Every structure is written in structure tokens, then in C-alpha cells.
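So the chains spell out like this:
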Amino acid sequence: MFMYGKNEYLIMKMIILIIWNREDQYKDGMRKMEGNFAFVLYLLAATAGLAVSLFVSISYGAKDLTLSTVWSGVFHYNPDITSHQIVHDIRLPRILGAALVGMAFAVAGAIMQGVTRNPMADTGILGVNAGSTFVVVLCFAFLPNLSYSVLIVFSFLGAALTTVMILALGSLSPGRLNALHLTIAGAVVAAILHSFSTGIAIYFALSQDLAFWYAGGVAGVTWEHLRVLAPIIILAIVWAVSMGRSISFLSLGEETAMNLGLRVQYVRIMGLTIVVLLAGASVSVAGAVGFVGLIVPHIARKLIGVDYRKIIPLSAILGAILLIWADFAARMVNPPREFALGAMVSLVGVPFFLYLARKERRSL
Amino acid sequence: MKSKLSLIGVLALIITILSACGGQAKSNSTSEGASAGDVQQVDPNSKIASMSIHMTNNLLALGIKPAGSAIGGGVGDFLPHVKDMLQGTVKLGVVTEPDMEAVLALKPDYIFIEEQFGGQDRAKLEKIAPVVSMDLDQGTWRDQLKQVAAVVGKSKVADEFVKAYDEKTTRVRKLISDELGSNAKVMAIRVSAKELRVMSTSRPVGPIMFEDLQLTPAIGVDKIAEDEPYEVISKEVLPDFDADAIFLIVNDDDNAKKAYNELEKNPLWENLKAVKNNHVYTLDGQKWLDYSSLGQSMAMDDMEQLLAKQ
Amino acid sequence: MNVKEQSEMRRKRAIVIAVALGLLGAGVVLFSLNTGSIRLSPSSVMKALFGYGSPEETMILYEYRMPRIIVTLLAGVGLGVAGAVFQGISRNSLADPGILGIHAGAAFGLMIYVSFFRTLEGPATLMIPLFTLLGGTGIAIVIFLLAYDRYRGLMPIRLLLVGIAIEAGFSSITLLLSLRLDENTYAFAARWLAGNVWGRDWIHVWTLLPWICLFVPLIFYRSRLLDLFTLGDEMAAGLGSAVNRNRFVLLMFAIALSCASVAMVGGIGFIGLAAPHIARKLVGAQHRYLLPICAMVGLVILVTADTIGRSFFQPNAIPAGVVVAAIGGPYFLYLLFIKKKTSL
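Keep in mind that this is a model prediction, so the values were computed, not measured. (Residues numbered from 1 in each chain as written. Chains lettered and ligands numbered in written order. Predicted model: local features only at pLDDT ≥ 70, side-chain atom pairs only at ≥ 80, totals over all residues.)

1. Observations concerning the overall build of chain A
Using the following cut-off: Starting at the N terminus, helices and strands are each numbered in turn, a helix being any DSSP run of H or I of at least four residues and a strand any DSSP run of E of at least two. Put simply, a residue is buried when 20 or more other C-beta atoms lie within 10 Å of its own C-beta and exposed when 12 or fewer do; between those, it is partly exposed, and each C-beta is set from the backbone. Note on contacts: each residue gets a C-beta atom placed from the backbone, and two residues are in contact if those atoms are within 7 Å.
Each helix and strand in chain A was counted, giving 16 helices and zero strands. Scored against the burial criterion, the 364 residues of chain A give a buried share of 59%. Of the contacts formed within chain A by residues at least 6 apart in sequence, a portion of 77% connects residues at least 24 apart.

Below, the structure is given as C-alpha cells:
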């Protein structure tokens, strides 16, 4: 049950895709493809925003510390002072963790939306989350006491296997593998795996443990996690940016992409590999934080058009900002009490998304 | 038009059949079935079905093994710490979804339920055997135990149980003050996969720690709202509690254990007064979180063992 | 072949399939009546069924097993028909009640209930359907209001977008509340959310029956309207039906049906999606035939799933919703991908 409504949620996304495909929404976006100046401006502004967010969120926390203490804790860490420990070992890793995870989910979402040509896609849609959760549930039920690193490997494996399975299933359909079939196969497979996970969890009485796993949160992030996480995520994002051109072409439609001389299947598979890397790594540390991958690329596209060379880096920074603030809210609404990160993301994300939807002028 | 008429006909038929079924069931209930009434006395050696895990624990504390018992919903089985004592007992389903057929198959002499038990389910049980209903939400576990004991005529056993508990408590209190000195400030923490919970002074662990063992709550523990069993708290303020000893419950799942391993390695944790002085006691969570006579008594035993080991 | 002959053919085909499904349904129900902790021989079940069994057998059959099965089959009918209506008015073969966030709303209602009362015992349990109904209709109304444009009316694309957002928001609050529950309550809530038939008493049958008996015929009388909607709004308007008003009325009926069913059997998603699909494969898209067949398909699926969940997985019975997805999901994939005709 963990994230109830998952099935319906996925099915709705398929429908949106179908409606969307009737029109070519990217036509007017094409005009925005030029304008590097605006992009640099937005990127600078976003980076500045990230810097401010980092500054504010590091400065304030459940424990009331003076600014000078906080920043001497960051730059002149003395392991014997309690306040330095608070800043260095609890606040800093969790904020950096939030930033990294936000980046990863946002970029994964952006790639998903480009590759599937579905503006409502995120990592949930190709069964990436469902696959990794399913394997994690299997591990809980049949191989308890697995070490953390082994569990991460299994979770990667689940995500990758599911993606391969969906690709194969999508290709089985009459005609070539296209974005629509991919999305539908993904949504249905995700729904099936999701219900299998629920069944196993209920049968083996694991369900509340899994609810926690699902709720998402960065409070437990440590420097050790960051040392593993940071290289994977940053490399994957660099890779993603380097593929931005191909993804933009693909997002214009398969025919167009092929006319432009793009190896469609290759780009698709590489894109999904990046997604598996990003999502697998961040889910293993923070759980499945929803909505970031859906909403952030939307904003980025609104700002700078449809060129994924620009969408991906901008999404990365915006995603980091969103999660930093969501985590900040989770800590600071009623300190020292804490709230679940996922709920905070939704609280920020839902109104904003509604605003976007209200502005949606199209009437089918 | 024809189809409409036939549709109405079919519907009417269905309704008639259904009402017939319901009616039949009702007429059965009046003609047969044991009379319930208010059962005041129950022979402790009779075949008892307990439809609540709290009731089962109270019966076990009195030395009565029920022939059948409800199971815990979370674990889908008898609670781990009493499972050994319930060998041979029939599982009667989760309290919210009792397995009526299993109860019927058991053919119990009496069925023990809690007052809050669902109305329809109660009516069904009453047709199987006399139902003994008690309100186990009121009062302390001592009151609840005595209430059950009065019905099965084991009040003496209950008194002895409470007396034994009090003696144990006195011993443990002495062990604690030997270890921590008097007036030590104590807090209880529960670690789950994603959260760090500080337990409040109310149930389940408040009464045993702060009333029975007369420990002093660490700074801020008494500020947690009375009706909340715990509060989720930021690690940043752990040092502020300034606890001399920490009672620790780690949830029984892999993620929680990993979360605790991470916490243990954190310099902030390592520098807590209680950690430095080696005054962190990892409790057997199931016993401490079970606010029943048996659970609390087992929790006290757990504490005694932990201190004896030191 | 003229039109009349063709429609006659279709009618015959529908009747044959209805009879076949009816037999299948009866078989499943009989099998389900034989499922339980106490082993009763099929012959004693039959005897008890017709009133010749021992008092004990009669009690098992009429008080333990029968109400539960009737709740299950009523809910199957409700979910199947509601799904057909949703797909009919949205002209979208992938639509289902979840689209309006009804399931998420119902789940939210349940969570509010269990968080507020903190008990699942006593007479308060009868309030659960009320809470799920309020949650389901409440969320549908919120989505409607937000998706409604003063000048353009209800915009389907906006409806879907708003639906996603609202549903995601409510789901996360539901998840948040569920983490605060104690183990027993959580176990019940988790099972409910996964689609567990918890209604097991005659009172539950009486609660659900009026809804089904009222709204299924009401919808059936409007089957011609649904056919018109399938042709598209302009066509429907051209043929003289007040499009928006009728769409709204039908939508309300479908919401009521699915909320009532969900209250008794939990969040079962796949039936509303799969039953109309299967029914369409069997008898075509004409709603006069589609709706009754859909109801029967829903019934067969749900009763079968519940029986499998209870009989093969002991002691922790698996919720029917999980079984439905586990069987219905692959079948759905088969329909979409392996069979050569994709009907999207």
C-alpha cells in the first residue's frame, strides 16, 4: 500500500500522454530553442539561489546556534566541540544529501520525460522504483540481515531488470517500439510489481517497515553515504548533459529524430541507464521521494524551452533547491520535531503544480 | 422496454433471495445458540478463547493458557515474546478480522473479549459460547490484571504477580542507583528506519520508567504532549536532553538496525554523556512496548538482566 | 445482412455470453462457499444452502461465509459498471475511477477515521463507509472545482492534471498519517488500502445493496447516452442530448457506485479498468450489452480473487486487490501487447 494510489496515478499519466500526443506541444517550444543568453542568466540565477538556500539551511536548524559558530563548524571543524559536531556531522551531510538526491531525481525525471515524450513521466513510470522496491521486499522477506551495500546492489538490479523487461515488452507490440507502448508497459508492470510487493509485505508482515522505506527522508544521510553517492550522481548528470542534444531530438518525435540521423534505440537505452543509476543510487539512501522528478523538469521547460542540454543542468540545480527547502521545512516547522520529507515536497509541489495546471490553456 | 422490465424482475428476485437469506440467519439466531448473559465466574481450567492479545497476556500472567487466541496484526502471529508460552494454542485471526470459523471449530467453553469489540462480531461469538467481556482500556495494567483474575477466580495469583513485580522493581531500582547514582536523568529512544523517536512519560514505556522505577525524566522529556506516546525529534538536539542514561529500542527490521549502526558511528552520539559512560541500555522492544501485566513484568526482567550483565 | 439482423445477432451473442458468465459466476460463488477454516464437504454445503444442514453448518454458511461473498459480488458489480461509465464518458479506454482521485480520497477518509478514533472495534466501525464516501466525493468535488473553467466548462486535460496533483498530495498525507499508527491499526489500514474485503456481515450487505440496486439500473437506463458519448461530444450534441448535464449526472452515479463499493472492499484499482476491456472484447462497445456483461465480469473477477487470496495464503490471507492486480495485470498486458489488435 505504501504509496497508495500508485496504480491510478500511473494510469492517469498514460492517458495524459495519449492526449498530449494528439498535438505537437513542442512546436511552439522550438522557437525558444535559441536564446543562450536567457539560459545563462537563468543558470546563474539558479546557482545563486542554490547558494542562498545552502547558506540559510546550514545556518538554521533544530539546535539554535549562532552564525559564527555554524560557519566555524563548517570551515574549522573541531571534533571536540558539540556544536561543531552538530553542524558537521548532522546538518551538513543531510543538507548535501538533500541537494544531491534532489538533483538526481530531477535529472532522472527530465530524461524520462524526454525519452518517453511524456510530460508527466518520472522515475515511477518505467517501473524503476517499483522494480527496485520489489527486489528490496523480496530481500526483506527471504534474505534478512543483508548488508547495506548488498541491498543497494540488489535494488539496482531490480530497477535494471524491470527496465529491460519493459523494453522487451514494449518491443513485442505490433510495430516498432515507441514511447506510447513503453509508457503503458511501464505503468502496468509497475502496477503489477507494486501489488506483488504489497502482497509479500502483508504475507510476511513487513508492511510498516516498508512504509518507512517509502516515506523518504534524508535525516540519516552520513558522510559515508555521500562519498558513495556523490561521484555516481555527478558523473551520471555530466553524462546526461552530454546526451542532452540527442534527448532533445528524441523528444521532438521519433520520425524527426531519425530524419536527423539519431540512433533512437541507442539513445533511449543509454538514457534509461542513466535514470537507473540516478534513481537507484538516491532511492537507496533517501527512499522514493516523489514529485521532484515530475515537477522540476516542468519548471525548467517553462523557463527555457525544450532543449535538454539546458533543461538537464537547470533541472539539477532547481531539484537541489526544492529538496533543500523541503528538508528545511521538515526540520523547521516545529523544531525540534521533524516531519516526513515526502509530505513536505508534496505540500510545496502540489499547489505549484495546480497553478501550472490552471494555466494549461489547452482544451484537448 | 422488454429488457427494462426483465431487469427490474431480476433485481426484485435478487432482493427477495437476499432478504430470505438474511431472514433465515436471523431466525436461526433466536432458535438456537448459547445464552450469553453476564458471566461472573469462569472455571480457569475450562476451554477459553481469547479474542484480544491483551486479554491473552493477562491470562498467561495468571498461569492460564487459552485454548485459542487472537494474533497481532502487525506480525501476523502471536507476539514474539509470548509465542513460546502459547504453544498448542489455536490462532483465531487478527482482532479486527476474527476468524469466526476457527472459533467455532475450537468449541470453546468461554470466549473472552474486550468491551470495545465490534457489535456484530460479538453477536456471532455469543452464538458459539458464553462471552466474557471486559473493558481493558481503563486503569493501569494492575487493575486490568485484577479484573481478569476476579472472573477466573485467581485474585490471589494476581496479587502475587503484582507483589513479585513490585519486589523485582525494588531490586532493579537498587541496581540502577548503584549503577547511575540517585537522581539520574533518563530518556527512552526508539530508532526506526527513518525516524528518531523520544518516548514520552505516558504509555507504553513512561509508567514503568518514571513511576515504577522512579527515574527522573531527562530535560525536555516531560514536555512531550501527554497524549502522545512519542515525538519524532532532530538528532541535533540529542545533547540538549543531557541524559545520564539512555534506554534504547531499535525496531526489529533491517533498515532500523542499519539506521542505528549509522547513529552509533556519529561523533555527536559518541560524545553523549550516556554513551561515553556506557549507560546505553538496548531493550527488548517487544516487551517494553507491550503495556500489559505480562509485558511489563518481562520488561522488568529484561532490565534486571541488562544491569546484572554490567 | 441488414441492420436488424445484425443487431439480432449481437443480442443473441450477448445472451449466450451472459448465460456463460452467469454459470461461471455461480460456480465461483459455490467454490467460494466451500472456502474457510472449517472444512465442509460440498454436499453438506449444498444441504445447508437449502436449509437441511445442521445448525452449525447453517450458521457457518449463512452468517460467516454468505454475507462476505454477497458483499464481494455486489462490490464487483459496482466497480465494473462504474469503470464502464468512466470509460464511456471520457471516451478513453484507460480511464477508471482512480482518475478522479476517488480511491485516494477514500483512502484518505479511512486514514482520518483510524487516526481520529484510533480504534477499529465497536460500533464506530460502521462509520468507515461514511468516511470513505466523504473522502472520495470530497476529493472528486475539489478536483472538479479546480478543473472547472468559468468560460470553457470542464476541461478534460486540466481535469487529469489536477487529478494527478490532488491525488499525489492526498496520498502523501495518507502515508504520513499511516506512519503514526500503531501496528494493529496499521495492519488493518494497509490491508484495506491494498483492497481487502472486510465487509463480512449482513449489515454490510444491507449498507451496500441499496447503492447497487439504485445506481446500476439508473445507469443502465442511460446506456444509449453512453453510446452517444462514445461518438464524441459534437455528435452527441447533434443527436440532441444535453451533453454536459448528462455527463455530469452519469459521472455522479458512477462516483456514488464506486465509493460505496470501495468502502466495503478497499482500494481495488484494476477491476474498473479491466472489466470494461474484457466485456468490450466479448460483446462489443454497445453499452446496452456492455454494462450487464461488465457487471458480471467484475463480479467473477472479484469473487475469484477474494477466494484465491483467502484459500491459498494461510494464515495471512492476501487482500483481493493484490490478487486482482497479480492476475489482471498480466492479462491486461496480454491484451495490449501480445494480441495483434491494439485498441488504443
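From this point, things continue past the structure.
2. Concerning the overall build of chain C
Within chain C, the regular secondary structure consists of 14 helices and two strands. The buried share among the 344 residues of chain C stands at 56%. Here the contacts in chain C between residues at least 6 apart in sequence split such that 76% fall between residues at least 24 apart.

3. Some points on the environment of Asn-57 of chain B
All names here are of chain B. Here Asn-57 shows up in helix α2 (residues 53-61). Residue classification places Asn-57 among the buried residues on the basis of 31 C-beta atoms within 10 Å. Sequence separation of Asn-57 and Leu-79 is 22 residues, and the distance between their C-alpha atoms is 9.6 Å. If sequence neighbours within four positions are ignored, Asn-57 has contacts with Val-82, Asp-290, Ser-292, Ser-293, Leu-294 and Gly-295.

4. Remarks on the sheet that holds strand β2 (residues 68-71) of chain B
All names here are of chain B. Selection criterion: Two strands make a pair as long as DSSP finds a minimum of two bridges between them.
Spatially, β4-β3-β2-β1-β5-β6 is the arrangement adopted by the six strands of the open sheet, whose pairing is mixed. For this open sheet the edge positions go to β4 (97-98) and β6 (131-134), each flanked by a neighbour on one side alone. Relative to β4, strand β3 (residues 90-94) runs antiparallel, the two being bridged by two bridges. Residue pairing across strands places Gly-93 opposite Pro-98, the latter belonging to β4.

5. Side note on the nonpolar core
Stated precisely, the cut-off is as follows: As used here, a nonpolar core is made of buried Ala, Val, Leu, Ile, Met, Phe, Trp, Tyr and Cys residues. They are joined through C-beta atoms within 7 Å. Domains are outlined according to an automatic or database domain assignment.
Formed by 304 residues in total, the largest nonpolar core has its most connected members in Val-107 and Leu-278 of chain A, Ile-111 of chain B together with Val-81 of chain C. Of the residues that make up this core, three or more belong to each of domain 1 (48-153) and domain 2 (158-309) of chain B. With sequence-adjacent residues up to four places away left out, Val-81 of chain C is seen in contact with Val-216, Ile-219, Leu-257, Leu-291, Cys-294 and Ala-295 of chain C.

6. Let's talk about the confidence of the model for chain A
Residue and element names in this part refer to chain A. Quick note on the threshold: pLDDT is defined as a per-residue confidence score from the predictor, taking values between 0 and 100.
Mean pLDDT over chain A works out to 77, with 79% of the residues at or above the 70 mark. The spread of mean pLDDT over the elements of chain A runs between helix α2 (residues 26-31), the lowest at 45, and helix α15 (residues 308-332), the highest at 91. Scored below 50 in pLDDT, residues 21-33 makes 14 contacts in the model with residues more than four places away or belonging to other chains.

7. Here we look at the pairing of strand β8 (residues 196-199) of chain B
Residue and element names in this part refer to chain B. A two-sided burial pattern is seen for β8, the buried positions comprising Leu-196 and Val-198 on one face and Arg-197 and Met-199 on the other. Relative to β8, strand β7 (residues 185-191) runs antiparallel, the two sharing three bridges. Bridge pairing in β8 places Val-191 opposite Leu-196. The pairing of β8 with strand β10 (residues 230-232) spans three bridges and is antiparallel. By the bridge assignment for β10, Met-199 is matched with Tyr-230.

8. Observations concerning the packing of helix α11 (residues 244-251) of chain A against helix α13 (residues 264-286) of chain A
Two quantities define a packed helix pair, namely the angle between the axes and the distance from one axis to the other. Residues and elements named next belong to chain A. Selection criterion: Structural elements are reduced to axes, namely lines fitted to C-alpha atoms, with helices fitted over the stretch in contact, and the angle between N-to-C directions of any two is expressed from 0 to 180 degrees. Handedness of a crossing follows from how the near helix is turned relative to the far one, being left-handed for an anticlockwise turn of less than a right angle and right-handed for a clockwise one. All residues other than Ala, Val, Leu, Ile, Met, Phe, Trp, Tyr, Cys, Pro, Asp, Glu, Lys and Arg, Gly among them, are scored as polar; the first ten of these are nonpolar and the last four charged.
In the contact formed by α11 and α13, the axes pass within 10 Å of each other and the chain directions differ by 115°. Handedness of the α11/α13 crossing: left-handed. Mapping the contact onto sequence places Ser-246, Ile-247 and Leu-250 in α11 and Val-264, Val-267, Arg-268 and Gly-271 in α13. Classifying every residue of the contact of α11 with α13 gives four nonpolar, two polar and one charged.

9. Quick notes on the environment of Val-107 of chain A
Within the fold, Val-107 of chain A resides in helix α5 (residues 82-116). For the pair formed by Val-107 of chain A and Leu-318 of chain A, sequence separation is 211 residues and the distance between their alpha carbons is 9.8 Å.

10. Comments concerning helix α14 (residues 292-304) of chain A
Residues and elements named next belong to chain A. Here is the rule: A helix is expected to reach a length of 1.5 Å times the quantity of its residues less one.
The terminal C-alpha atoms of α14 lie 18 Å apart, and with 13 residues this matches the ideal 18 Å at 1.5 Å per residue to within 8%. By the criterion of burial, α14 is predominantly enclosed, with 10 of the 13 residues buried. Trailing α14 by a residue or two, Gly-305 shows a phi angle of about 85°, which is positive.

11. With respect to unusual backbone geometry
Most peptide bonds take the trans configuration, and most residues that are not glycine carry a negative phi. All names here are of chain B. Residue Lys-107 is not a glycine yet carries a positive backbone phi of 50°. Secondary-structure assignment places Lys-107 in the loop between α3 (100-106) and β5 (110-114). Among the residues examined, Lys-107 registers 13 C-beta atoms within 10 Å and is labelled partly exposed.

12. A look at helix α1 (residues 3-33) of chain C
Residue and element names in this part refer to chain C. The end-to-end C-alpha distance of α1, which contains 31 residues, comes to 44 Å, matching closely the 45 Å that a straight helix rising 1.5 Å per residue would cover. Of the residues making up α1, those classed as buried are Val-28, Ser-32 and Leu-33. In the core, the buried residues of α1 are packed alongside α2 (42-49), α3 (55-90) and α13 (287-312).

13. Details of the environment of Arg-65 of chain C
Residues and elements named next belong to chain C. Counting through the fold element by element, Arg-65 comes out in helix α3. Considering only alpha carbons, one finds Arg-65 and Asn-34, 31 residues apart in sequence, at a separation of 8.7 Å. Sequence-distant contacts of Arg-65, defined by excluding residues within four places in its chain, comprise Leu-33, Gly-36 and Ile-60.

14. A word on the confidence of the model for chain C
All names here are of chain C. The share of residues in chain C with pLDDT of 70 or more is 84%, and the mean pLDDT across the chain is 79. Note that residues 340-344 has pLDDT below 50 and, in this model, six contacts with residues that lie over four places away or in other chains. Predicted as a complex, the structure gets a pTM of 0.77 and an ipTM equal to 0.72.

15. A closer look at the packing of helix α10 (residues 223-242) of chain A against α15 of chain A
All names here are of chain A. Condition: In what follows, roughly perpendicular refers to angles from 65 to 115 degrees, roughly parallel to angles under 35, roughly antiparallel to angles over 145, and oblique to any angle outside these ranges.
Where α10 meets α15, the closest approach of the two axes is 8 Å, and the angle between their N-to-C directions is 155°. By the angle class used here, α10 and α15 are roughly antiparallel. Along the contact surface, α10 presents Ile-237, Ala-240 and Val-241, while α15 presents Arg-309, Ile-312, Pro-313 and Ala-316. A breakdown of the residues in the contact of α10 with α15 according to their chemical character gives six nonpolar, no polar and one charged.

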